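Commentary on secondary and tertiary structure
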Amino acid sequence: MFYEQFLQKETVTGMIFDVDGTLLDSMPVWAHSGEQYLATLGIEASASLGRVLFSMTMSQGAEYIKEKFALSQTAQEIQGGIIQIVEDAYRTKVGFKKSALEFLQKLQEAGIPMVIVTSNEEALVRAALRRLGAEHYFQEILTSGGFGSGKDSPDIFYAAAAQMGSSIGSTWVAEDALYAIGTARKAGFRTIGVADAASREDEAQIRGLADYFIEDYGKIAEEEI
């Protein structure tokens, strides 16, 4: 198993997890949420909208939609509408990526602290984790919106490491987004790239940049170990 070999080989004093596409198999929910919101207003949007919104915080995405489609709704109202569309999925059906729960259990057994860093809304993340019985694994959930900066800056990763009392060089960041992996790596963190359909176009670059690349937390290519 990847997680067993990983913990045997590497020094790990803290783990930072992204949520969507990394811990939870939730990216399909978000891929068309902007389109679905606009559809409620009678506006047809391109399927590529989800790709544009991928690296934005929810508030940034709402501002983009407002300007792009010249909406009369406030950015806060737009954000609320999108949250309403996806909230049911988080509360009722979004599940873990393969073997992610087992990895969390192994980390907890090893006494390794964990923090979530996400561009999502805390309420949605907590709703899913609570339903899945996994909220207790994490010391803190840091959101880009609540923190005031996204993962294009290392500050939120530094804050997560400080929360755990973990040194940068032995703190690992698990991510599916190329830009976030790049930010973490440049800041001195070790990284695990997680495969996801939403980031498929960046997979080759992620493989070259991350310390490990996994398709699920139970398997890894032999050459990576």
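Structure: see above.
Residues numbered from 1 in each chain as written. Predicted model: local features only at pLDDT ≥ 70, side-chain atom pairs only at ≥ 80, totals over all residues. Heavy atoms only, no water.

1. Describing the packing of helix α5 (residues 58-68) against helix α6 (residues 75-92)
Using the following cut-off: To get an axis, a line is fitted to the C-alpha atoms, and for a helix only the part in contact is used. The angle between two axes follows their N-to-C directions and goes from 0 to 180 degrees. Think of it this way: any DSSP run of H or I at least four residues long counts as a helix, any run of E at least two long counts as a strand, and we number them from the N terminus. By the definition adopted for this analysis, an angle is roughly parallel if under 35 degrees, roughly antiparallel if over 145, roughly perpendicular if from 65 to 115, and oblique otherwise. Crossings are assigned a handedness: left-handed for a near helix turned anticlockwise from the far helix by less than a right angle, right-handed for a clockwise turn. The criterion used for residue contact is that any of the two residues' heavy atoms lie within 4.5 Å.
Between α5 and α6, the least distance of the axes is 8 Å, while the angle of their chain directions is 110°. By the angle between their axes, α5 is roughly perpendicular relative to α6. Every pair of crossing elements has a handedness; the one defined by α5 and α6 is right-handed. Between α5, through Met58, Ser59, Ala62, Glu63, Ile65 and Lys66, and α6, the contact on the second element is made entirely by Ala75, Ile78, Gln79, Ile82 and Ile83.

2. Focus: helix α7 (residues 100-109)
How we decide: Note on classification: 1.4 Å probe, protein chains only; a residue is buried when its accessible area is under 20% of the maximum for its type, exposed when over 50%, partly exposed between these limits. Comment: arc refers to directions from the helix axis out to C-beta atoms.
Burial in α7 covers these residues: Ala100, Phe103, Leu104 and Leu107. Angular distribution of buried residues about the axis of α7 spans 100°; they occupy a single face of the element. Against α1 (2-9), β1 (14-17) and β2 (114-118) lie the buried residues of α7. Just past α7, the residue Gly111 takes up positive phi, approximately 75°.

3. Considerations on the nonpolar core
Under the convention used in this document: To define a nonpolar core, start from buried Ala, Val, Leu, Ile, Met, Phe, Trp, Tyr and Cys residues and group those joined through side-chain atoms within 4.5 Å.
The biggest cluster of nonpolar side chains holds 51 residues, and the ones touching the most others in it are Phe6, Met15, Phe17, Phe138, Ile192 and Tyr217. Here this core takes seven residues from α6, the largest share from any one element. The contact partners of Phe6, leaving out residues within four places of it in the chain, are Val12, Met15, Phe103, Trp172, Ile192 and Tyr212. Counting 15 residues, the second largest nonpolar core, distinct from the first, contains Val115, Phe157, Ala177 and Ala184.

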